[in-house]
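# Examining the three-dimensional arrangement
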Amino acid sequence: MIIDIIGDIHGYADKLVGLLNQLGYEHNGQHFVPPMGHKALFIGDLIDRGSQQLATLEIVFSMIDAGVADAVMGNHEYNALAYATLNPDDKTEYLRTHNAIHKRQHEAFLAEVAFGSELHEYWLQRLYEIPLWIETNYACFVHACWDIDSMNVLKPFLTEDDCLTTDGLLATAEEDTVEFDALERVLKGVETGLPDGIVMVDKEGTKRSRVRVRWWLDELNKRTLREVARVPSSAMAQIPADALAENIDFAFKTHKPVFVGHYWLTGTPAPLSPQVACTDYSAAVDSGYLTCYQLDTEQPLPLTAAHFVQHYHDKKQI
């Protein structure tokens with residue numbers, strides 16, 4: 001079987017339709033039907049940013065309901081749940097605060113799905129149905145990082161199918177807890193501290209003293225911080241050339257290929273390492289391309305650039 005692993009859509013349903021058509025999927029009036037021997041897998045971040053939120057969700061979930069697709073949860077789906085859930089310790093606040101940054105991040109979704117409406121409640125319940133990760137006998141699928149240790153922390157708060165429960169949402173939303181840190185690892189990646197006195201500003205305008213790292217590299221703690229940091233090239237100069245990446249507590253504990261999204265890559269698609277491939281090539285930017293990796297379950301390795309497919313959109317498809 002071929003698994004078509006599709007990157008972060010972020011409400012760009014036109015790009016999704018274009019990519020599915022390019023891959024040979026056909027719409028039967030109810031859902032997209034894959035070519036013989038194919039199945040789709042969405043790597044998370046279905047929502048936010050784009051102008052076609054409902055269309056995206058309807059396409060994806062109609063395929064899931066028909067048994068021709070699977071999905072894993074992205075940090076934006078998790079954030080949507082936390083944004084809509086009151087903090088039981090302070091009923092005037094939500095688990096994800098409604099500050100200016102969070103409102104801006106979620107405004108495209110709420111523009112189509114009114115907060116507190118029946119439609120909102122329906123889609124929140126559907127988002128709970130998406131597992132945090134999927135592991136098969138041939139590959140692993142997760143939005144940001146395949147971290148077995150963090151997954152073991154989260155397991156008591158999940159269903160048998162590794163879907164988040166309401167108790168799990170409450171536990172993982174509380175900062176400065178092992179559950180919060182584990183959820184951050186799985187849905188946002190591995191971080192390490194910047195040298196003292198160095199602060200970077202991310203694309204949302206938030207000041208950060210920590211940076212995400214390329215956890216798929218070997219011997220992380222023996223490399224320089226510049227080698228492992230996931231920061232824009234414009235910010236790299238702020239990191240001293242001799243600063244070492246130290247105390248990164250991460251161990252890669254699988255021999256299977258791992259597929260992720262999340263990382264806003266650009267350029268020509270290629271595996272991140274012999275074992276890890278990312279299918280997020282910035283589709284949430286108008287100039288970005290929705291990207292797919294076609295995994296042959298009979299021969300999952302080696303990962304190769306030839307298995308990537310990008311939709312080169314010239315015009316809207318819907």
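A brief report on the enclosed structure follows. None of the values given here were measured: they were computed from a predicted structure. (Residues numbered from 1 in each chain as written. Predicted model: local features only at pLDDT ≥ 70, side-chain atom pairs only at ≥ 80, totals over all residues. Heavy atoms only, no water.)

### Structural notes on the environment of I130
For the record, the criterion: Segments assigned H or I by DSSP are reported as helices when at least four residues long, segments assigned E as strands when at least two residues long, and all are numbered from the N terminus. Only protein chains enter the accessibility calculation, which uses a 1.4 Å probe; a residue is then buried when its area is under 20% of its type maximum, exposed when over 50%, and partly exposed in between. A contact between two residues is defined here by any heavy atoms of the two lying within 4.5 Å.
Positionally, I130 belongs in the loop between α5 (118-128) and β8 (133-135). Its relative accessible area of 2% is what places I130 among the buried residues. Ignoring anything within four residues of it in the chain, the contact list for I130 reads L46, F61, A71, V72, M73, E77 and C163.

### Quick notes on the nonpolar core
The following threshold applies: Among buried residues, the Ala, Val, Leu, Ile, Met, Phe, Trp, Tyr and Cys ones that are joined through side-chain atoms within 4.5 Å form a nonpolar core.
One finds F42, M63, F141, W215 and F259 to be the most contacted residues of the largest nonpolar core, which totals 99 residues. Among the elements that line this core, the one with the most residues is helix α2 (residues 53-65), at six residues. When neighbours within four sequence positions are excluded, W215 is seen to be in contact with A144, C145, W146, V190, L220, F250, F252, V258, V260, Y263 and V276.

### Quick word on the pattern of salt bridges
For clarity, the cut-off: A carboxyl oxygen of Asp or Glu within 4 Å of a side-chain nitrogen of Lys or Arg is what we treat as a salt bridge.
Summed over all chains, the structure comprises 12 salt bridges. Ionic pairing is found between R185 and D147, a salt bridge with its closest N-O pair at 2.7 Å. Remark: D147 occurs in the loop between β9 (140-142) and α6 (148-154) and R185 occurs in helix α8 (residues 178-188); sequence separation between them is 38 residues. Take R185 and D147: they sit in the same class, and that class is buried.

### Points about the sheet that holds strand β5 (residues 69-71)
The condition is simple: Strands are treated as partners if at least two bridges between them are detected by DSSP. Between N-to-C directions, angles span 0 to 180 degrees; the directions come from axes that are lines fitted to C-alpha atoms, helices contributing only their stretch in contact.
The sheet built from five strands is open, its strands ordered β5-β4-β1-β16-β17 with mixed pairing. Two strands close off the open sheet at either side, each with one partner strand: β5 and β17 (308-310). Taken pair by pair, the neighbouring strands of this sheet meet at an average axis angle of 25°, ignoring direction. Taken together, the three bridges between strand β4 (residues 38-42) and β5 define a ladder with parallel strand orientation. From the neighbouring strand, A40 faces β5, where its bridge partner is A69.

### What to know about the sheet that holds β8
For sheets, the rule is that strands pair by backbone hydrogen bonds, running either parallel or antiparallel. Strands sit in the order β8-β9-β14-β15 across an open sheet of four strands; the sheet is mixed. Unpaired on one side and paired on the other, β8 and β15 (276-278) mark the two borders of the sheet. Strand after strand, the sheet turns through a mean of 15° between neighbouring axes, direction not considered. One ladder, built from two bridges, connects β9 with strand β14 (residues 258-260); its direction is parallel.

### Remarks on unusual backbone geometry
A cis amide bond links L301 to the next residue, P302, at an omega of 5°. Tracing the sequence through the fold places P302 in the loop between β16 (291-296) and β17. Although it is not a glycine, D176 adopts a positive phi angle of roughly 65°.

### Quick look at the packing of aromatic side chains
The condition is simple: Pairing of aromatic side chains requires ring centres within 6.5 Å, counting the rings of Phe and Tyr and the six-membered ring of Trp. Pairs whose planes differ by under 30 degrees are stacked, by over 60 edge-to-face, and all others tilted. Put simply, a charge is over a ring when the Lys NZ or the Arg CZ is close to the ring centre, within 6 Å, and near the line of the ring normal, within 35 degrees.
All told, the structure shown has 13 aromatic pairs when counted by the stated rule. Arranged with centres 5.2 Å apart and planes meeting at 45°, the rings of F259 and Y293 form a pair that is tilted. Linking F259 in strand β14 with Y293 in strand β16, this pair joins segments that are 34 residues apart in sequence. In textbook terms, an aromatic cluster arises when at least three aromatic residues are bridged by ring pairs, as seen for F141, F259, Y281, Y293 and F308. Here K15 stacks its cationic end above the ring of Y12, 4.7 Å away from the centre of that ring.

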